[in-house]
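Structure at a glance
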Amino acid sequence: MALSGVEIFKLLPKTNCKKCGFPTCLAFAMALAQGKTELAKCPDVSEESKRVLGEASAPPIRTFFLGTSEKAVKLGGETVLFRHDKKFFNPCVYAVNVKDTLSNDELNEKIEEVLTSEIDRVGQKLRVDAISIEFASGNSSQYESAVKLISQKAPDTAIILNCKDPSAAEVAVRTIADKKPLLYCANEGNTGAMTNIAKTHKIPLGVYAKGLSELSVLTEKIKGMGVEDLVIDSGAEKAKDMLELNTQIRRSALKKNFKPLGYPIINFVLREDPIFETCVAGIAAAKYASIIVLSSIEKWKNLALFTLRQNIYTDPQVPMQVEQKIYKIGEPTVNSPLLITTNFSLTYFMVSGEVENSKVPAYLAVMDCEGLSVLTAWAAGKFTAGKIVQFIKDSGVENQISHRELIIPGQVAILSGAIEDKLEGWKITVGPREANGIPTFLKSRPA
Amino acid sequence: MSYVIPKETYSGNVLSLEFGKAPKSVKIGGENTLPFLSFEGSIPNKPVIAYEIQDITPDDWPDTVKAQYAFCSDNPVKWAQHCQNKLKAQAISLRLIGTHPDRGDRSAGDVAKIVKDVLSAVDVPLIILGSNHIEKDASVLVAAAEAASGYNCIIGKAQEGNYKTVVAAALAHKHKLIAMSELDINLAKQLNILITQMGFDKERLLTDPMCSALGYGLEYTYSVMERIRLAAIMQNDVTMQPPIVGDVGMYVWKVKETFASESDVSQWGSIEERGVAWEAVTAIAMLIAGTNLLIMRHPKAVETVRKTIEELV
Ligand code: B12
Ligand code: SF4
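These numbers come from a predicted model, not from an experiment. (Residues numbered from 1 in each chain as written. Chains lettered and ligands numbered in written order. Predicted model: local features only at pLDDT ≥ 70, side-chain atom pairs only at ≥ 80, totals over all residues. Heavy atoms only, no water.)

1. Structural notes on the overall build of chain B
- From N to C terminus, chain B includes ten helices and ten strands.
- A compact globule built from 313 residues would reach a C-alpha radius of gyration of about 20 Å, and chain B, at 19 Å, matches this within 12%.
- Here the C-alpha coordinates of chain B stretch approximately 65 × 55 × 35 Å along the principal axes.
- Sorting the 313 residues of chain B into buried and exposed places 63% on the buried side.
- Put simply, of all contacts in chain B between residues at least 6 apart along the chain, 68% involve residues at least 24 apart. (Helix = DSSP H or I, 4+ residues; strand = E, 2+ residues; numbered from the N terminus. Rg over C-alpha atoms; globule rule 2.2 N^0.38 Å. Buried < 20%, exposed > 50% of the residue type's maximum accessible area, 1.4 Å probe, protein only. Contact = heavy atoms within 4.5 Å.)

Okay, here's the thing in structure tokens:
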């Protein structure tokens, strides 16, 4: 747990030399306890104090990157058990498992699936983040060639070397060490050899043990050997065990500051039936997995799982929002229609998507309503006639268009009269209630 | 450092509730621990899934789910029998959507007959829902409660704007009752209090904090449910202890992901599986957050969620 100012003070040189910029060591200690400065500012602190203080100030769940490209993903670093308490920070990684026994054609097909998995949803680019390559052939040169092929064809995708055989792992790691693959995994039988590989090549290591007691012994041992970027697998097979053990791991790390389990979690959720697998993966995504390994990545499945992850990991205090401005859709002219909506991301993307579908160039005025949907913003007094009028006047849109017609969402039809009264010379038109009515609505208007 | 399992001690529990008639009656709730965490408490009853049927042909459902019931959905009795006999439904939820002023405006008299017909055709427990039109539901649910007198149904939903009438009907005919508020834990709590102040036992109540579909506000429902469960279990807040309902199907099967054609959105993959996964994943999130009773539509989604529940207990 974090140390108090007084506890930190006891570990400082107590010379009050001021080199840190503070008048006394105690003042420095107090600032440090509040996170307002960093230990490195004191040049005289002892190695032993550094170790103790470093340990105490480390986040309860270790944080590091998987992969090295711009698509590298951050693991761990969570601080709460329930998303409403603050927020979940580092979205879980979805990885697909492929076996090295697949033919080159089959491997290429899988790689293609990963590379084309990217979907744009509510302004975020979402994709399958990693490939887990399973050593199933028993033949290390076959494994190496599969690893090579995948890393060449998908150079930016993070790799998990799913291989418990140290000699095969060593060969594979050597070919792609610069990519910082995750080596999965060290277990009771191979700890020394696997840890050495991870240490030599400076790559993160998966640790597997059945049960949390055994798992903590193993992570401590590996940490003692000098590898600290660990990902842990409790060996859970049933969904129930996964949920319970993930919960226990997260609680141990956060509430007890139990370091041996303060690592990101990996869950293999492989199931025969892809819809069933989607459900089990959903449990892992909601409850504490950092890496979820799947057996297949159908497009529909990705869409559902990406969306769930996006939902679980949004900030509960701040809805996702877009910038307030007049957006151009297509290439609008001075005669193009003008529509208005709120700046809740979901609302904006649904409306702008449908305006795009209509193929009618248009202006979309997006008004800052603190990220609330149309009706919520209206009920909260943020999307009122007065505020809309003010926004339209301030936005400068009057210089962009020659007509004076504003299309408002059907859900707030009752605002039309009040807006018309206050916005002189303007005609207010009530649009459809649902965004999917927009294409028909826009197309049927006289050009 | 030796490892000690970090167990919590909880002071509260979810109330248990039984609906329907023996031998097919169903029990939900009763757990004294957070969802599926049986290492620190007991979970006497598994979550239950009710199949949704409607009093009129569901023209507004996407084709992929409509097709599952094409041969029976023109008749609520046939539809209910199909759910019970072929799909092995544990419970059925009859939504009287045809009573909505915009959907046919069926009279309360019509409702009584439909409810009676369905009740005499099946023996699994029945949930009877209005059309979510506050004023109309008040009269519809009164008629439904009376028609179902003696069947120990769940009726709903009582909302802020109509709860007095609906509660009185559930009370008079000895039914269980769903209290629904809109995504706000304080509103949920307040409505439960108002209802129990009318003399309605909290043991006969269910809370619907309002569902939302995956991608369309799911995170709000998820967190409100988690907070309700924490209040019930950790803080022993008796007003938050009724079982939770997740009315999943009606929110899921109107979002674009469940019906957009593959030619329009090829990057979204198969329309069939997409819809099923959308409903199943929404349901799973609700379960993990604390739902005890799900209302769903697609048989494949129901079957998969059931299978997942089996792996969770
Ligand atoms: C999620 C939600 C919330 C979330 C906020 C989510 C958010 N970021 O906005 C939370 C929980 C915070 C919330 C709070 C409140 N909410 Co609220 N909320 C909802 C809920 C369930 C969904 C809203 C949503 O996300 N819709 C999805 C978006 C995409 O819809 P949309 O913006 O309307 O856009 C659609 C259309 O309007 C159309 N469209 C949009 N723009 C345009 C533009 C044009 C030109 C056209 C043609 C069409 C168009 O296209 C979109 C897709 O079809 C609704 C109920 C419901 N099912 O609608 C209630 C609802 C909107 N909330 C309501 C209320 C009263 C509130 C509160 C005031 C009180 C409360 N219940 O807590 C607070 C106010 C918040 C505040 N800060 O003060 C009421 C409003 C009642 C009313 N009719 O006046 C609703 C309708 C619930 C209800 N029936 O009581 N809410
Ligand atoms: S630099 Fe170090 S020793 Fe000097 S005053 Fe600051 S904390 Fe104390």
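2. Re the interface of chain A and chain B
- Across the boundary between the two partners, chain A contributes 47 residues, which contact 51 residues of chain B.
- Interface of chain A and chain B: buried area, both sides summed, is about 4,400 Å²; carbon and sulfur atoms make up 66% of it.
- In this structure, the connection of chain A to chain B is made through eight salt bridges.
- Residue lysine 256 of chain B pairs with glutamate 354 of chain A through a salt bridge whose shortest N-O separation is 3.3 Å.
- Applying the counting criterion to the chain A and chain B interface returns 25 residue pairs in polar contact (both at pLDDT 80 or more).
- For the side of chain A that touches chain B, the secondary structure elements donating two or more residues are β4 (119-121), α8 (212-224), α9 (239-255), α10 (274-286), α11 (299-313) and α12 (345-358) of chain A.
- In terms of residue count, the dominant contributor to the side of chain A that touches chain B is α9 of chain A (nine residues).
- Residues of the side of chain A that touches chain B, tallied by class, amount to 21 nonpolar, twelve polar and 14 charged. (Buried area = accessible area lost by both parts, 1.4 Å probe. Salt bridge = Lys/Arg side-chain N within 4 Å of Asp/Glu carboxyl O. Polar contact = N/O pair within 3.5 Å; in protein donor to acceptor, adjacent residues only side chain to side chain. Nonpolar A, V, L, I, M, F, W, Y, C, P; charged D, E, K, R; others polar.)

3. Description of the site of ligand 2
- Around ligand 2, the structure places Pro13, Thr15, Asn16, Cys17, Lys18, Lys19, Cys20, Cys25, Phe28, Cys42 and Pro43 of chain A.
- Along the lines of polarity and charge, the residues of the shell around ligand 2 split into seven nonpolar, two polar and two charged. (Near = heavy atom within 4 Å.)

4. Some remarks on the packing of α10 of chain A against helix α10 (residues 299-312) of chain B
- With their axes 9 Å apart at the nearest point, α10 of chain A and α10 of chain B run at an angle of 50 degrees to one another. Of the possible angle classes, the one that applies to α10 of chain A and α10 of chain B is oblique. When you trace α10 of chain A past α10 of chain B, the crossing you get is right-handed. Between α10 of chain A, through Ile275, Phe276, Cys279 and Ile283 of chain A, and α10 of chain B, the contact on the second element is made entirely by Lys300, Thr304, Lys307, Thr308, Glu311 and Leu312 of chain B.
- Here the residues of the contact of α10 of chain A with α10 of chain B sort into five nonpolar, two polar and three charged. (Axes fitted to C-alpha atoms, helices over the stretch in contact; angles between N-to-C directions. Parallel < 35°, antiparallel > 145°, perpendicular 65-115°, else oblique. Left-handed = near helix turned anticlockwise from the far one by under 90°.)

5. Comments concerning the layout of surface pockets
Residue and element names in this part refer to chain A.
- Of the volumes computed, that of the second largest pocket is approximately 360 Å³.
- Lining of the second largest pocket is provided by 20 residues; of these, Asn90, Pro91, Gln124, Leu126 and Arg309 occupy positions nearest its centre.
- Elements with a contribution of two residues or more to the lining of the second largest pocket: β2 (73-75), β5 (124-126) and α11.
- At four residues, α11 tops the list of elements feeding residues into the lining of the second largest pocket.
- In terms of residue class, the lining of the second largest pocket is made up of ten nonpolar, four polar and six charged. (1 Å grid on protein atoms, 1.4 Å probe; cavity = no way out; pocket = protein on both sides within 12 Å on 5 of 7 lines; lining within 4 Å. Points joined across faces, edges and corners; volume = space filled by probe spheres on them.)

6. With respect to unusual backbone geometry
- Following tyrosine 184 of chain A, the chain continues into cysteine 185 of chain A via a peptide bond in cis, with omega recorded as 10 degrees.
- With respect to the secondary-structure elements, cysteine 185 of chain A resides in strand β8 (residues 182-186).
- Between glycine 156 of chain B and lysine 157 of chain B the backbone carries a cis peptide bond, its omega angle lying at 10 degrees.
- Looking at the element boundaries, lysine 157 of chain B is found in strand β6 (residues 154-158).
- Even without being a glycine, glutamate 370 of chain A presents a positive backbone phi close to 55 degrees.
- Note on placement: glutamate 370 of chain A falls in the loop between β15 (362-367) and α13 (374-379).
- With a relative accessible area of 48%, glutamate 370 of chain A lands in the partly exposed category.
- For asparagine 132 of chain B, which is not glycine, the phi dihedral falls at a positive 70 degrees.
- Mapping asparagine 132 of chain B onto the fold places it in the loop between β5 (126-129) and α4 (134-147).

7. A few points about the site of ligand 1
- In the vicinity of ligand 1 lie 33 residues, with Thr341, Thr347, Ser373 and Trp378 of chain A together with Glu182 of chain B positioned nearest.
- Proximal residues around ligand 1 fall on chains A and B, making this an inter-chain site.
- Here threonine 376 of chain A contributes a side-chain N or O atom positioned 3.4 Å from a nitrogen atom of ligand 1.
- For ligand 1, an oxygen atom lies 2.3 Å from a polar atom in the side chain of glutamate 182 of chain B.

8. Examining the packing of helix α9 (residues 271-289) of chain B against α10 of chain B
Residue and element names in this part refer to chain B.
- At their nearest, the axes of α9 and α10 sit 9 Å apart, and the two run at 35 degrees to each other. As for the relative orientation of α9 and α10, their crossing is right-handed in sense. Here α9 contributes Val276, Glu279, Ala280, Ala283, Ile284, Leu287 and Ile288 to the contact with α10, which in turn contributes Lys300, Ala301, Val305, Thr308, Ile309 and Leu312.
- A class-by-class count of the residues in the contact of α9 with α10 yields ten nonpolar, one polar and two charged.

9. Some words on the pairing of strand β2 (residues 26-29) of chain B
Residues and elements named next belong to chain B.
- Pairing between strand β1 (residues 16-19) and β2: four bridges, direction antiparallel. Opposite leucine 17, over in β2, you have isoleucine 28 as the bridge partner.
- Linking β1 to β2, which pair antiparallel, is a turn of six residues; within it glycine 20 sits at a positive phi near 90 degrees. (Pairing = 2+ DSSP bridges.)

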